Amino acid sequence: MSDANKTTDVVAPADAPVVAPEPVTATAPATEPAAKPEAPVTTAITSATEPTATATTTTAAPAATETTGDAKPETEQEASPLAQLWEAAKNHGHPEIWGVPLADPANHIPSQIVFQKYLNANDGDLAKARDQLIKTLDWRKKSDPLDLVRRMYSKSKFEGLGFVTTYVVDGKEVDEPEEREIFTWNIYGGVKSIDETFGNLEEFINWRVALMELALQELNICGAIKPITADYDPYKLFQVHDYKSISFLRSPPHVKSASAETIKVFAQNYPELLKEKFFVNVPAIMGFVYGFMKLFVAPKTIKKFHPMSNGANLAKEFAESRIKGLGEKLPAEYGGKGGELKAVGKEPFLTAE
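The structure displayed is predicted, hence computed values, not measured ones.

1. Here's the deal with the overall build of the protein chain
Here comes step 1: For the protein chain, the helix and strand inventory stands at 13 helices and nine strands.
Here comes step 2: By residue count, 45% of the 353 residues in the protein chain fall in the buried class.
Here comes step 3: When the accessible surface of the protein chain is totalled, it reaches about 18400 Å², and 52% of it is carbon and sulfur.

2. Some points on the sheet that holds strand β6 (residues 237-242)
Here comes step 1: Strand order in the open sheet made by the five strands is β4-β5-β6-β7-β8, with mixed pairing throughout. In the strand order of this sheet, the two ends are held by β4 (162-168) and β8 (305-308), each with one partner. For this sheet, the mean inter-axis angle between neighbouring strands, taken without regard to orientation, is 20 degrees.
Here comes step 2: The sheet contact formed by β4 and strand β5 (residues 180-187) spans seven bridges and is antiparallel. Bridged to Gly162 within β5 is Asn186.

3. Some points on the pairing of β5
Here comes step 1: With eight of eight residues buried, β5 is to be regarded as a mostly interior element.
Here comes step 2: Burial of the side chains of β5 extends over both faces: Arg180, Ile182, Thr184 and Asn186 are buried on one face and Glu181, Phe183, Trp185 and Ile187 on the other.
Here comes step 3: Where β5 lies against β6, five bridges are found, and the strand directions are parallel. Its bridge partner lying in β6, Asn186 is registered against His241.

4. Things to note about the packing of aromatic side chains
Here comes step 1: This structure, assessed with the given rule, holds 16 aromatic pairs.
Here comes step 2: Taking the centre distance of 5.8 Å and the plane angle of 45 degrees together, the rings of Phe204 and Trp207 count as tilted. Taken together, the residues Phe204 and Trp207, both in helix α8 (residues 201-219) and three residues apart, mark about one turn of the helix. Each member of the pair, Phe204 together with Trp207, is buried.
Here comes step 3: Among the aromatic residues, ring-to-ring pairing joins Tyr167, Phe183, Trp185, Phe238, Phe278, Phe318 and Tyr334 into one connected group.

5. A short note on the nonpolar core
Soluble globular proteins: nonpolar side chains tend toward being buried together.
Here comes step 1: In terms of nonpolar packing, the biggest core is built from 57 residues, with Trp98 and Tyr270 touching the most fellow members.
Here comes step 2: Those elements giving two or more residues to this core turn out to be α2 (81-92), α3 (109-121), α4 (126-143), α7 (194-198), α8, α9 (253-269) and β7 (274-280).
Here comes step 3: A per-element tally of this core places α8 first, with 11 residues.
Here comes step 4: Residue contributions to this core reach at least three from each of two domains, namely domain 1 (81-142) and domain 2 (144-351).
Here comes step 5: Setting aside residues up to four positions removed in sequence, Trp98 forms contacts with Val114, Lys117, Tyr118, Arg140, Glu213, Leu216, Ile221, Asn269, Tyr270, Pro271 and Leu273.
Here comes step 6: By size, the runner-up hydrophobic cluster in this structure holds 18 residues, among which are Ile187, Phe278, Val280 and Leu341.

So, how was this worked out
- Residues numbered from 1 in each chain as written.
- Predicted model: local features only at pLDDT ≥ 70, side-chain atom pairs only at ≥ 80, totals over all residues.
- Heavy atoms only, no water.
- Helix = DSSP H or I, 4+ residues; strand = E, 2+ residues; numbered from the N terminus.
- Buried < 20%, exposed > 50% of the residue type's maximum accessible area, 1.4 Å probe, protein only.
- Areas by Shrake-Rupley, 256 points an atom, 1.4 Å probe, with all protein chains shown as cover.
- Pairing = 2+ DSSP bridges.
- Axes fitted to C-alpha atoms, helices over the stretch in contact; angles between N-to-C directions.
- Phe/Tyr/Trp six-rings, centres within 6.5 Å; stacked < 30°, edge-to-face > 60°.
- Core = buried A, V, L, I, M, F, W, Y, C linked by side-chain atoms within 4.5 Å.
- Domains from an automatic or database assignment.
- Contact = heavy atoms within 4.5 Å.

Rendered as structure tokens:
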């Protein structure tokens, strides 16, 4: 993948051919002798390499009917990349991506956004975008993320480890995507038991996907009214990973497995959704994390990753946000004046079991 703002993750340091119609031969009525008509009559004949046109002159210069074999008629021009991705999605059959019911992007803005993100993630390479799209549809059909976000997860394993927060202009509800910022927070320093949280890889991935789908609900692509382009796309979110008080610096094998699998899942299935990613309170022994990233993440995406040794400096990173005082809205431990994540954030559903 190319300049893909992919939402990668880390869990611990650790169209049919046109058939030429049969030529039409003009004949005089059987009851009348053949006579030269007052005005010449021509019959339009189309070919697979020439557009159909109504003749307005008696003859056409021979050169006008010759083609090189390379040109295509207007009716045979290749469909747009977005239309081709829509066709691929229709042929696949899975009906949604990120909660967006897929439809013709020509008249459905949310679908246009989804398909355009796959093109953007692959620098406009249609073949690569189609391949990634189909793989995402395969994965969503198998994993059913919309069901995962409705499931209950173990409180003892995941409580306090993941939150979604939404900040808007002046604290009001707004529809403009530029006036709303979504954050996902992964508080891996809050893990109580490595074995419980990361021991069951499938369970952990399901929980992590549920957190991402929760954030996508807040991003509200389904309600989008503005299309995006390769250069304009406000439908992205911030991610913060906090490793404060991390206690498993040596990264047991199951932690590394969870990290590697999460990176692969997110790089493949959530392209162009990341705005910036901050690693805060990062221990010096986190080099292996970046090793995993470089295997699956585009170099230009890596540049959007910001490691910070002091989480209290995070608020300063948002001084130029369109949302005035965004940094101050963050929790105090990240340099802001806002409430704690447990008070203002949303978590996947938790159960005592």
